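Here is what each chain is made of, one letter per residue.
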Amino acid sequence: MAAMPEPARFDWREALTDAALAAAVAAALAVPLIGFHAVDEPTGIRIDTRFDWVVIGVITVFVGRLLLGALKRLRPQTALAPLGRAAMRLRPAATALTWAGLAFAVLLPVLPFSNRYVIDVATTVLIYVMLGWGLNIVVGLAGLLDLGYVAFYAVGAYSYALLAINLDLSFWECLPLAGLFAGVTGVLLGFPVLRLRGDYLAIVTLGFGEIVRIIIINWQSFTGGPNGITGVPRPSFFGLPFTANPAEGQVAFHQLLGLEYSPSHRIVFLYFLILALALITNLFTLRIRKLPVGRAWEALREDEIACRALGINPRNTKLTAFGIGAMFGGFAGAFFATRQGFISPESFTFVESATIVAIVVLGGMGSQIGVVLAALFLTLLPELGREFAQFRMVVFGAAMVLIMIWRPHGLLASREPTLRLKREDAPP
């Protein structure tokens, strides 16, 4: 039996030097960002100092860096091996947790603590979950780093708004068209980047996202420019409007069901609508991963040269990944437009792309459940930090850094093949 390796000796001098350097950097950043606070008064602007907050932050960074160094040096690397086997044993528990989460999502509008704010936040979470699952096809399964995914989100939103306003089409008629236009846009993006990989691919897709946003801003006669598009039609329940006083000869949703009119009917309907769209996206992704095209994505992610040797066409594989991923982004964009009733270029900046990419990376590339957890984290953390508005982004960034230190491959990294070959003589 092999003996366990002895823990490495801890060098206090090196650890203290490293922690002091990290604290010095934190102090240099915290003094201008946190140490001074401008207060607007009738007589003018007064500058207050908050060096006590700076001291607390620097001490926290020093102690945290020292403890992190101690954990890395005192814990043998082989101690992490049982974690992988433990994760395999926890799969049934993860399945049960998934079904419990789905039941909670379905019952959320009728739970005692539910209100309009809770449903609105849950709807926002589901939008990012759907966007994360769509981008997960491109980044997590095919291994193509796309930093311009917000462009497809914008194409779907503007497609729905323009079709609904100019052609008087309903939401259900515009939804597939918005996905189609976004998917075609994804294929058009795929052609120029077929030979690019890694950082170069990321730079080109980032530029594509900015090109789409600038076109939206400058093409004022078509897109409304910086003013955006107002009066985007709201969805109906298959032709039944959510209004208190419907037009003559028209039946409203609450009248058909014999209910008293409430504005919350439309809010709950939108919540269940995005929940259904997100679940369809998930089921589609889980199914297509087991088909030849899904297995080709995973092979492309691992080694493009080996793909060519096996007869897989990398060009078609990349184009299908870009097209299908963009299609789901277009669906999410159409829902966003009908939910808001107003869209503008400010809703489709690079920050949105970065947030969606962060959801996929933090959740674990290729993991469907990980995307849900990361979307919950990245959406709810800023909401919970509203009481600390001045330090909201500081807390948000610190939490992301801690997650990447604790789980560098994501919360639930999943790079295992979807299908495994099984020996015929192997036990069942």
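Calculation criteria
- Residues numbered from 1 in each chain as written.
- Predicted model: local features only at pLDDT ≥ 70, side-chain atom pairs only at ≥ 80, totals over all residues.
- Heavy atoms only, no water.
- Helix = DSSP H or I, 4+ residues; strand = E, 2+ residues; numbered from the N terminus.
- Buried < 20%, exposed > 50% of the residue type's maximum accessible area, 1.4 Å probe, protein only.
- Contact = heavy atoms within 4.5 Å.
- Phe/Tyr/Trp six-rings, centres within 6.5 Å; stacked < 30°, edge-to-face > 60°.
- Axes fitted to C-alpha atoms, helices over the stretch in contact; angles between N-to-C directions.
- Parallel < 35°, antiparallel > 145°, perpendicular 65-115°, else oblique.
- Nonpolar A, V, L, I, M, F, W, Y, C, P; charged D, E, K, R; others polar.
- Core = buried A, V, L, I, M, F, W, Y, C linked by side-chain atoms within 4.5 Å.
- pLDDT = per-residue confidence, 0-100.
- Salt bridge = Lys/Arg side-chain N within 4 Å of Asp/Glu carboxyl O.
- Left-handed = near helix turned anticlockwise from the far one by under 90°.
- Polar contact = N/O pair within 3.5 Å; in protein donor to acceptor, adjacent residues only side chain to side chain.

Engineer: In this structure, what is going on with the overall build of the protein? I would like to understand it.
Structural biologist: The number of helices and strands found in the protein is 17 helices and four strands. Sorting the 428 residues of the protein into buried and exposed places 40% on the buried side. Across the protein, contacts joining residues at least 24 apart in sequence account for 72% of those joining residues at least 6 apart.

Engineer: Looking at this model, I keep getting lost on helix 12 (residues 292–302). Mind explaining?
Structural biologist: For an α-helix the count is 3.6 residues per turn, leaving residues at separations of three or four pointing the same way. Along helix 12, the residues classified as buried are Gly294, Ala296, Trp297, Glu298, Leu300 and Arg301. Where helix 12 is buried, its residues touch helix 5 (116–141), helix 11 (264–288), helix 13 (304–309) and helix 14 (314–340).

Engineer: For this particular structure, what's the right way to read the packing of aromatic side chains?
Structural biologist: Two aromatic rings, taken as a pair, are described by how far apart their centres are and by the angle between their planes. One pass over the structure, following the stated rule, counts 13 aromatic pairs. A ring pair is formed by Tyr153 and Phe336, whose centres lie 5.5 Å apart and whose planes are at 55 degrees; its orientation type is tilted. With a gap of 183 residues between them, Tyr153 in helix 6 (residues 150–166) and Phe336 in helix 14 connect regions that are remote in the sequence. The buried category is assigned to Phe336, whose relative accessible area is 12%. Where Tyr160 meets Phe171, the ring centres are 5.6 Å apart and the plane angle is 70 degrees; that geometry is what we call edge-to-face. With Tyr160 in helix 6 and Phe171 in helix 7 (residues 171–190), this pair connects stretches of sequence that are eleven residues apart. For the pair Tyr160 and Phe171, one class covers both residues: buried.

Engineer: Looking at this structure, how should I read the packing of helix 5 against helix 12?
Structural biologist: Angle between the axes and distance between the axes are the two parameters that describe a pair of packed helices. Relative to each other, helix 5 and helix 12 sit at 45 degrees, their axes nearing to 8 Å. Classified by the interaxial angle, the pair formed by helix 5 and helix 12 is oblique. Of helix 12, the residues touching helix 5 (which contributes Ile137, Gly140 and Leu141) are Trp297, Glu298 and Arg301. Here the residues of the contact of helix 5 with helix 12 are counted per class, giving three nonpolar, one polar and two charged.

Engineer: Explanation requested: the nonpolar core in the structure shown.
Structural biologist: Leu131, Leu135, Tyr153, Tyr160, Trp297, Ile343 and Phe348 are the most contacted members of the largest nonpolar core, which totals 82 residues. If you list the elements that add at least two residues to this core, you get helix 5, helix 6, helix 7, helix 8 (198–218), helix 11, helix 14, helix 15 (350–363) and helix 16 (368–384). Among the elements that make up this core, the one with the highest residue count is helix 5 (16 residues). When near neighbours in sequence (up to four residues on either side) are disregarded, Trp297 contacts Ile137, Leu141, Ala142, Ile288, Thr317, Thr320, Ala321 and Ile324. Ala23, Ala30, Ile34 and Val58 belong to the second largest nonpolar core, which has five residues in total.

Engineer: Looking at this structure, how should I read the confidence of the model for the protein?
Structural biologist: Interpreting fine coordinate detail is not advised for predicted regions of low pLDDT. For the protein, the average pLDDT comes to 79, and 79% of its residues sit at 70 or higher. Looking over the protein, one finds the lowest element-wise mean pLDDT in helix 3 (residues 81–89), namely 45, and the highest in helix 6, namely 92.

Engineer: How should I be thinking about the environment of Asn313 in this particular structure?
Structural biologist: Its location among the elements puts Asn313 in the loop between helix 13 and helix 14. Exposure remark for Asn313: the relative accessible area of 32% places this residue in the partly exposed category. As a C-alpha pair, Asn313 and Leu300 span 13 residues in sequence and 9.4 Å in three-dimensional space.

Engineer: Got a minute to help me understand the side chain of Asn136 in this structure?
Structural biologist: Residue position: Asn136 is located in helix 5. On the basis of relative accessibility, which here comes to 1%, the residue Asn136 falls in the buried class. Those residues in contact with Asn136, other than ones at most four positions away along the chain, are Leu141, Val360, Met365, Gly366, Ser367, Gln368 and Val371.

Engineer: Mind showing me how you'd approach the pattern of salt bridges here?
Structural biologist: Any two side chains of opposite charge can pair, so long as their charged atoms come close to each other. Across all of its chains, the model carries seven salt bridges by this definition. Note that Arg339 and Asp120 form a salt bridge whose closest N and O atoms lie 3.9 Å from each other. Separated by 219 residues along the polypeptide, Arg339 in helix 14 and Asp120 in helix 5 bring together distant segments of the chain. Taking the relative accessible area as the measure of exposure, Asp120 reaches 25% and is therefore partly exposed. In this structure, the salt-bridge partner of Arg213 is Glu210, at a minimum N-O distance of 2.8 Å. Of this pair, Arg213 and Glu210 both sit in helix 8, separated by three residues, roughly a single helical turn. Salt bridges sharing partners connect three or more residues here, namely Arg116, Asp120 and Arg339.

Engineer: Explain unusual backbone geometry to me, please; I cannot follow it from the model alone.
Structural biologist: One non-glycine residue, Asp168, lies in the positive phi region at around 55 degrees. By secondary structure assignment, the location of Asp168 is in the loop between helix 6 and helix 7.

Engineer: Could you clarify how one ought to interpret the packing of helix 6 against helix 7 in this entry?
Structural biologist: At a minimum axis separation of 8 Å, helix 6 and helix 7 run at an interaxial angle of 140 degrees. Taken as axis vectors, helix 6 and helix 7 run oblique relative to one another. Read as a crossing pair, helix 6 and helix 7 show a hand that is right-handed. On the side of helix 6, the interface is formed by Phe152, Val155, Gly156, Ser159, Tyr160, Leu163 and Ala164, while helix 7 contributes Phe171, Cys174, Leu177, Ala178, Phe181, Ala182, Thr185, Gly186 and Leu189. Of the residues assigned to the contact of helix 6 with helix 7, the class counts are twelve nonpolar, four polar and no charged.

Engineer: Would you take a moment to explain the side chain of Arg289 for this structure?
Structural biologist: As for its placement among the helices and strands, Arg289 is situated in the loop between helix 11 and helix 12. Note on Arg289: relative accessible area 9%, which makes it buried. Here the side chain of Arg289 touches Glu298 through a polar contact of 3.4 Å, side chain to side chain.

Engineer: How should I be thinking about the environment of Ala375 in this particular structure?
Structural biologist: Looking at the secondary structure, you find Ala375 in helix 16. A residue is classified by how much of its surface remains accessible, and Ala375, at 0% relative accessible area, is buried. Distance in space between the C-alpha atoms of Ala375 and Tyr128 is 6.0 Å, their sequence separation being 247 residues. Sequence-distant contacts of Ala375, that is, excluding residues within four places in its chain, are made with Val125, Tyr128, Val129 and Ile359.

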